[in-house]
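Observations on chain architecture
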Amino acid sequence: MNKMKKEAISVKNLTYTHPDGTKALEGASLEVYEGERVAIVGPNGAGKTTFLLHLNGILRGSGQVEVFGKKVDKEKKEEIIKEVGIVFQDPDDQLFMPTLFDDLAFGPINMGLKEDEVRERVEKTILSLGLMGYENRCPHHLSGGEKKKAALAAVMSMEPKILVLDEPTANLDPKSREELIKIVNDLNEREGITVVMATHDVNAIPALADRVFVLNKRVVAEGTAQEIFSDGALMKANNLEVPEVFKLFEVLRCFGYNCEELPLSIDKAIEHLTRTAEVNGGHIHLHIHEHMHDKVKKLRSEYKHH
Ligand SMILES: Nc1ncnc2c1ncn2[C@@H]1O[C@H](COP(=O)(O)OP(=O)(O)OP(=O)(O)O)[C@@H](O)[C@H]1O
Ligand SMILES: [Mg+2]
């Protein structure tokens, strides 16, 4: 991760008002380094989708958006589209050809690849996403989860250097969700692809992101998942949730469990429990004490968003 710290994306002071007058972004700034995986979180309507659509010039607001040091503007649109692939929140916005094969071939054809190169790209993408047998299916007749995968495939067939994903795990069953996480991480590890995603799936963030940005019209916080999730006031102010396992360990702490850094994933929880048991003669000690019920009650109320 960001060994050389070369900037892949640099956004400065981005402001955008939709044509009907809705202010979606007001001075958003962030940078993403090459090879990094970042998650953008924030409440509904915070401007996440609007922000992502600026990364390849679909939308253009005031401020500065640069990709690998190049300004995203009209003149460079073709070049930028090759480098930044956006998987839309709604797959119906991405798939419009009569067959899945055609949808996957569309990008590479437009990039000017030769017929056999296009075929090769499409076949490679179909294999890597497990979409064998779907080549001749009509994208509009696929299920929600299948469409989601097909939309990712349509972008991957262009082999972008930066993969932008808008709610990639939404509507996926647990197996497809796991697969998606693996696909994205493999692309990042093996091919060094930079990943930027907007997501409400807080349980997927620890497995998918090196860094997290909280966006609420502008970037209000930035840090590791651990830092962001540990900031209760920030979470509440932005309608954000922490992973379930994190909440459970907060409750365990009320029962006297000693834990400085609360785990964000089941694997981390297992590590923590094992370590605690090892230093305590194979046992984990929990107890009920005087103010425990009040503490738990207070904790529970902190997670209610009214
Ligand atoms: N095409 C549009 N025309 C007018 N307003 C829009 C348009 N698209 C989005 N908006 C508004 O811009 C604001 C930001 O919307 P956006 O879709 O970027 O939010 P989001 O953070 O992606 O939300 P969600 O978590 O629900 O996906 C909202 O107030 C929304 O109503
Ligand atoms: Mg959105």
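Here is a short report on the structure shown in this document. (Residues numbered from 1 in each chain as written. Chains lettered and ligands numbered in written order. Predicted model: local features only at pLDDT ≥ 70, side-chain atom pairs only at ≥ 80, totals over all residues.)

This next bit is on the sheet that holds strand 2 (residues 23-33). Spatially, 2-1-4-5 is the arrangement adopted by the four strands of the open sheet, whose pairing is antiparallel. The strands lining the two open edges of the sheet, one partner per strand, are strand 2 and strand 5 (70-71). Sheet topology places strand 1 (residues 7-17) next to strand 2; eight bridges connect them, and they run antiparallel. Bridging from a neighbouring strand, Tyr16 pairs with Leu25 of strand 2. (Pairing = 2+ DSSP bridges. Helix = DSSP H or I, 4+ residues; strand = E, 2+ residues; numbered from the N terminus.)

Let us look at the packing of helix 3 (residues 100-110) against helix 5 (residues 144-156). One can describe the packing of helix 3 onto helix 5 by two numbers: an axis separation of 7 Å at closest approach and a directional angle of 35 degrees. Across the interface between the two elements, Leu100, Asp103, Leu104 and Gly107 of helix 3 pack against Ala150, Ala153 and Ala154 of helix 5. Taken together, the residues of the contact of helix 3 with helix 5 break down into five nonpolar, one polar and one charged. (Axes fitted to C-alpha atoms, helices over the stretch in contact; angles between N-to-C directions. Contact = placed C-beta atoms within 7 Å. Nonpolar A, V, L, I, M, F, W, Y, C, P; charged D, E, K, R; others polar.)

Taken together, the neighbourhood of ligand 1 is formed by 13 residues, with His18, Asn44, Lys48, Thr49 and Thr50 sitting nearest. Take the shell around ligand 1: its biggest share by element is three residues, from helix 1 (residues 48-52). Considering only residue class, the shell around ligand 1 consists of two nonpolar, nine polar and two charged. (Near = placed C-beta within 6 Å.)

What follows concerns the nonpolar core. Ranked by internal contacts, the top residues of the largest apolar core, which has 75 residues, are Ala39, Ile40, Val155, Val164 and Val196. Here this core spans two domains, and each of domain 1 (7-96 + 158-237) and domain 2 (244-302) adds at least three residues to it. When residues no more than four places from it in sequence are discounted, the contact partners of Val155 are Gly85, Ile86, Val87, Pro160 and Leu163. (Core = buried A, V, L, I, M, F, W, Y, C linked by C-beta atoms within 7 Å. Buried ≥ 20, exposed ≤ 12 C-beta atoms within 10 Å, placed from the backbone. Domains from an automatic or database assignment.)

This brings us to the pairing of strand 6 (residues 84-87). Side chains Val84 and Ile86 of strand 6 all project onto a buried face; the interleaved residues Gly85 and Val87 project onto the opposite face, where all are buried too. Where strand 6 and strand 7 (residues 162-166) come together, four bridges link them in parallel fashion. By the bridge assignment, Gly85 is partnered in strand 7 with Leu163.

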